[in-house]
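Residue-level structure breakdown
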Amino acid sequence: MTLNDVPAVSALEQRLFPVDAWPLQMFLDELSQPETRRYLVAQCSDGIVGYAGLMCIEPIADVQTIAVVPEYEGRGIGTTLLTTLIDEARRRRAADVLLEVRADNPRAQQLYVRFGFEQIHVRPRYYRDGVDALIMRLQLAGAPGDGTAHGTTTEGPQP
């Protein structure tokens, strides 16, 4: 995501999340912090059809947002965005990836479960319309092939 993408992303945000939409300035603020943030857009001939963002402050990464316009759901866009965010979390050496998902959004919940996320908590009435948020976590540290084991790396001499 670039600064030029923000107006279109903000318009999508208002359309997709009318109750809980981020203000445009929030996207600008997020993009101004590349040392701890990574934001993506999915584009096609119709323009931006999805977007996602990650905050990573080691050892925790947090999916800040992920959205795909309804007309483009089921085409692998959400999967690609989430895969890229998880790869970024690994690159930034996160041990866990967290996210909040609406309790009334089973489609998103199923996507996260397919990636190995597990529900670890509920935030009652988290969203402005009173819906609960399910807190989900994907543990990365010590995963096979990720080169880490509880915060250690395979780089450099080993004892």
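For the structure, see preceding data.
Since the model is a prediction, treat every value here as computed from it, not as a measurement. (Residues numbered from 1 in each chain as written. Predicted model: local features only at pLDDT ≥ 70, side-chain atom pairs only at ≥ 80, totals over all residues. Heavy atoms only, no water.)

Here the focus is the packing of helix H3 (residues 77-91) against helix H4 (residues 106-114). Helix-helix packing is characterised by the crossing angle of the two axes and by the distance between the axes. Interaxial distance between H3 and H4 falls to 11 Å at its minimum, and their mutual angle equals 50°. If you check the angle between H3 and H4, you find them oblique. Judged by the sense of rotation from one axis to the other, the crossing of H3 with H4 is right-handed. Touching Gly78, Thr79 and Leu82 of H3 are Leu111, Tyr112 and Arg114, all from H4. Broken down by class, the residue content of the contact of H3 with H4 amounts to three nonpolar, two polar and one charged. (Axes fitted to C-alpha atoms, helices over the stretch in contact; angles between N-to-C directions. Helix = DSSP H or I, 4+ residues; strand = E, 2+ residues; numbered from the N terminus. Parallel < 35°, antiparallel > 145°, perpendicular 65-115°, else oblique. Left-handed = near helix turned anticlockwise from the far one by under 90°. Contact = heavy atoms within 4.5 Å. Nonpolar A, V, L, I, M, F, W, Y, C, P; charged D, E, K, R; others polar.)

Turning our attention to H4. Regarding H4, the residues found buried are Ala108, Gln109, Leu111 and Tyr112. Around the axis of H4, the buried residues are gathered within 160° of arc, so they sit on the same side. Seen from the buried face of H4, the exposed residues on the opposite side, beyond 90 degrees, are Val113 and Arg114. On its buried face, H4 sits against strand S3 (60-68), H3, strand S4 (96-102) and strand S6 (133-139). Backbone geometry just after H4 places glycine 116 at a positive phi near 100°. (Buried < 20%, exposed > 50% of the residue type's maximum accessible area, 1.4 Å probe, protein only. Arc of directions from axis to C-beta.)

Within the secondary structure, aspartate 96 is located in strand S4. Nearest to the buried, unbridged aspartate 96 among oppositely charged side chains is arginine 137, at 4.3 Å. Not counting chain neighbours up to four residues away, the residues in contact with aspartate 96 comprise Pro59, Ile60, Ala61, Arg137, Leu138, Gln139 and Leu140. (Lys, Arg positive; Asp, Glu negative; His and termini not counted. Salt bridge = Lys/Arg side-chain N within 4 Å of Asp/Glu carboxyl O.)

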